[in-house]
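Secondary and tertiary structure notes
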Amino acid sequence: MALRLLPLAHEYEMIPLKEKCEKVLVGSLRKSPTSPKASKGPPAYKHRKDNAPEMLLKCIKSADAGSSKPLLEECVRIFSNPDIPLKDLKASTEISDQVKARIYENRMDNTSNKMSKLAHELERERSEKEKLRTQLNDRVTTVTKSRMSRMTRFGSDPSLDKPSNQIMHNVPPVHHPHPHRQSKPMGQGRDMPPRFRTK
């Protein structure tokens, strides 16, 4: 009923009635689904996936005919959803070209904004990926240098070149009790007791 009364209220300048029709139609649009859904029963034209919601098309026709700014704004906002096809809108001859152009422009602006947000998110993810890659490379380089330092430490430090020399250097020398006495071989320079006494 409000769809038919809105253009008439505008034509006869019945402002209170027009405002009441606008309020009812805007509330109905906000409660109705904004995208077409497949019907569970027999196929019908209004449930085709390539068809915009029937209520939305009727409201935008009524808003265009009745010069209803609130209703038209709500219809344009809903048509900005990329899930809603524009096939029936393009084919309609009851909707002015100005309204169609506004819907197309609004759809393009929303698509451009979404693409910009997507590009920003991709750039942020790429930056985080590069940061993680740099941190990983730095860590690998640090670990590699540490291992190489451990492998070449003995060859690069003169004090640790020969660990056996350092150990022998720390061993105290052995002191002989009589350093000037020289040991003589067995049987030389000793007075051996005679085994047989001669008479």
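To be clear, the structure that these remarks concern was listed above.
None of the values given here were measured: they were computed from a predicted structure.

To continue, consider the overall build of the protein. Along its length, the protein carries 7 helices and 0 strands. Across the protein, helices and strands are ordered from the amino to the carboxyl terminus as α-α-α-α-α-α-α. Classification of the 199 residues of the protein by burial places 20% in the buried group. Look at the contacts in the protein between residues 6 or more apart in sequence, and 59% of them connect residues 24 or more apart. Accessible surface, the protein: about 16,600 Å² in total, of which carbon and sulfur atoms supply 56%.

Further remarks concern a nonpolar patch on the surface. There is a patch of nonpolar side chains on the surface, built from Leu8, Tyr12 and Met14 and spanning about 320 Å² of accessible area. Relative to the elements of secondary structure, Leu8 occurs in helix H1 (residues 2–11).

This next bit is on H1. Since the α-helix packs 3.6 residues into each turn, any two residues three or four apart lie on the same face. Turning to H1, its buried residues number three or more, namely Ala2, Leu6 and Ala9. Viewed end-on, H1 has its buried residues packed into an arc of 75°, placing them on one side of the element. Opposite the buried face of H1, at more than 90 degrees from it, the exposed residues are Arg4 and Glu11. Packing partners of the buried residues in H1 comprise helix H2 (15–31), helix H3 (54–66) and helix H4 (69–79).

With that settled, the discussion passes to the packing of H2 against H4. Across the interface, H2 lies against H4 with an axial gap of 9 Å and an inter-helix angle of 15°. In this view, H2 runs roughly parallel relative to H4, as classed from their interaxial angle. Crossing angle aside, the handedness with which H2 passes H4 is left-handed. Mapping the contact onto sequence places Glu22, Leu25, Val26, Leu29 and Arg30 in H2 and Lys69, Pro70, Leu71, Glu74, Cys75 and Ile78 in H4. Of the residues in the contact of H2 with H4, the class split is 7 nonpolar, no polar and 4 charged.

Here H2 spans 24 Å end to end across 17 residues, near enough to the 24 Å set by a 1.5 Å rise per residue. Those residues of H2 that fall on the buried side of the exposure criterion are Lys18, Cys21, Glu22, Leu25, Val26 and Leu29. When H2 is viewed along its axis, its buried side chains cluster within an angular range of 130° and face the same direction. When the buried face of H2 is taken as reference, the exposed residues oriented beyond 90 degrees from it are Pro16, Lys20, Lys23, Arg30 and Lys31. Where H2 is buried, its residues contact H1, H3 and H4.

With that settled, the discussion passes to the pattern of salt bridges. Applying the stated criterion to the full structure yields 7 salt bridges. Between Arg102 and Glu73 there is a salt bridge, with the nearest N and O atoms lying 2.2 Å from each other. Note that Arg102 is positioned in helix H6 (residues 97–156) and Glu73 in helix H4, a separation of 29 residues in sequence. Overall, the relative accessible area of 32% leaves Glu73 in the partly exposed class.

All right, on to the side chain of Glu74 then. Along the polypeptide, Glu74 turns up in helix H4. Take Glu74: its relative accessible area is 6%, and that puts it in the buried class. Within the local environment of Glu74, its side chain forms a polar contact with the side chain of Arg77, the two groups lying 2.6 Å apart. Those residues within four positions of Glu74 in sequence are excluded, and the remaining contacts are Val26, Leu29 and Arg30.

Conventions and cut-offs
Residues numbered from 1 in each chain as written. Predicted model: local features only at pLDDT ≥ 70, side-chain atom pairs only at ≥ 80, totals over all residues. Heavy atoms only, no water. Helix = DSSP H or I, 4+ residues; strand = E, 2+ residues; numbered from the N terminus. Buried < 20%, exposed > 50% of the residue type's maximum accessible area, 1.4 Å probe, protein only. Contact = heavy atoms within 4.5 Å. Areas by Shrake-Rupley, 256 points an atom, 1.4 Å probe, with all protein chains shown as cover. Patch = residues over 30% accessible without salt bridge, like charges linked within 9 Å, V, L, I, M, F, W, Y side chains within 5 Å. Salt bridge = Lys/Arg side-chain N within 4 Å of Asp/Glu carboxyl O. Arc of directions from axis to C-beta. Axes fitted to C-alpha atoms, helices over the stretch in contact; angles between N-to-C directions. Parallel < 35°, antiparallel > 145°, perpendicular 65-115°, else oblique. Left-handed = near helix turned anticlockwise from the far one by under 90°. Nonpolar A, V, L, I, M, F, W, Y, C, P; charged D, E, K, R; others polar. Expected span 1.5 Å × (residues − 1). Polar contact = N/O pair within 3.5 Å; in protein donor to acceptor, adjacent residues only side chain to side chain.

The values reported here are purely geometric and, on their own, carry no functional implication.
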